[in-house]
Amino acid sequence: MTYANKIQILVQEGEGLTVEYKERYTPRIDRDIVAFANSKGGLLLLGVDDAGRVVGEKLTNKMKAEINAIARNCDPSIHLKDIRQAGKIVVIEVAEGDEKPYASSSGYFRRLDAVTQKMTQREVRAIFRETNNISF
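Procedures and definitions
- Residues numbered from 1 in each chain as written.
- Predicted model: local features only at pLDDT ≥ 70, side-chain atom pairs only at ≥ 80, totals over all residues.
- Heavy atoms only, no water.
- Helix = DSSP H or I, 4+ residues; strand = E, 2+ residues; numbered from the N terminus.
- Expected span 1.5 Å × (residues − 1).
- Buried < 20%, exposed > 50% of the residue type's maximum accessible area, 1.4 Å probe, protein only.
- Arc of directions from axis to C-beta.
- Contact = heavy atoms within 4.5 Å.
- Core = buried A, V, L, I, M, F, W, Y, C linked by side-chain atoms within 4.5 Å.
- Pairing = 2+ DSSP bridges.
- 1 Å grid on protein atoms, 1.4 Å probe; cavity = no way out; pocket = protein on both sides within 12 Å on 5 of 7 lines; lining within 4 Å.
- Points joined across faces, edges and corners; volume = space filled by probe spheres on them.
- Nonpolar A, V, L, I, M, F, W, Y, C, P; charged D, E, K, R; others polar.

### Quick look at helix α3 (residues 61–72)
Logical step 1: Compared with an ideal rise of 1.5 Å per residue, which puts twelve residues at 16 Å, α3 spans 16 Å between its outermost C-alpha atoms and is within 8% of the ideal.
Logical step 2: Within α3, burial applies to Met63, Ile67, Ile70 and Ala71. All buried residues of α3 project into a common sector of 95 degrees when viewed along the axis, lining one side. Residues of α3 that are exposed and point more than 90 degrees away from the buried face comprise Asn61, Lys62 and Arg72.
Logical step 3: The elements touched by buried residues of α3 are α2 (30–38), β2 (42–46), β3 (80–86) and β4 (89–94).

### Observations regarding the side chain of Ser104
Logical step 1: Within the secondary structure, Ser104 sits in strand β5 (residues 103–104).
Logical step 2: Residues in contact with Ser104, not counting those within four places in the same chain, are Asp30, Val34, Cys74 and Phe109.

### Some words on the nonpolar core
Logical step 1: Ile29, Ile33, Leu46, Ile67, Ile78, Leu80 and Ile92 are the most contacted members of the largest nonpolar core, which totals 23 residues.
Logical step 2: Among the elements of the structure, α2, β2, α3, β3 and β4 are those that each provide at least two residues to this core.
Logical step 3: Sorting elements by how many residues they give to this core places α2 first, with five residues.
Logical step 4: Beyond its immediate stretch of four places on either side in the chain, Leu46 contacts Lys22, Tyr25, Ile29, Glu57, Met63, Ile67, Lys88, Ile89, Val90 and Ile92.
Logical step 5: Counting ten residues, the second largest nonpolar core, distinct from the first, contains Ile7, Val11, Val19 and Ile89.

### Description of the sheet that holds β5
Logical step 1: Spatially, β5-β6-β7 is the arrangement adopted by the three strands of the open sheet, whose pairing is antiparallel. A strand with exactly one partner marks an edge of an open sheet, and here the two such strands are β5 and β7 (115–118).
Logical step 2: Inspection of the sheet shows β5 paired to strand β6 (residues 107–112) by two bridges, in the antiparallel sense. What sits directly across from Ala103, in β6, is Tyr108.

### Quick word on the layout of surface pockets
Logical step 1: There is about 200 Å³ of room inside the largest pocket.
Logical step 2: Leu17, Asn38, Ser39, Lys40, Lys100, Arg110, Arg111, Met119, Glu123, Ala126, Ile127 and Glu130 together form the lining of the largest pocket.
Logical step 3: Considering every element that reaches the lining of the largest pocket, the biggest residue donor is helix α4 (residues 121–131), with four residues.
Logical step 4: Class assignment of the residues belonging to the lining of the largest pocket gives a composition of four nonpolar, two polar and six charged.

Shown next as structure tokens:
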């Protein structure tokens, strides 16, 4: 089974904790990248509308550079596992981060089921407590 076929199956299954659709690329994907890094990781599928219809998106070198810059500018910086074209869909693979919590210029985000949500101050503090192994 090709990579494009696997992605097509994910599209048919719908959005979830680790899959998010975006009709087209915009810099606002920073929220989803941060949310995946703060959760279990996931796949951002560009070129798929909310109804699960493939509308198509073309990966260009400029877009790839912008997506990498968005991830790098998160705090701490996020390493993307992969950005590639799969048929008519651009797939951005985000690994679960090991330096949580992550933030973008838009704030702290996390995945809750199939939704990217802004985190409350209490949730951010809880993640800091869970992952903080440095004593001051």
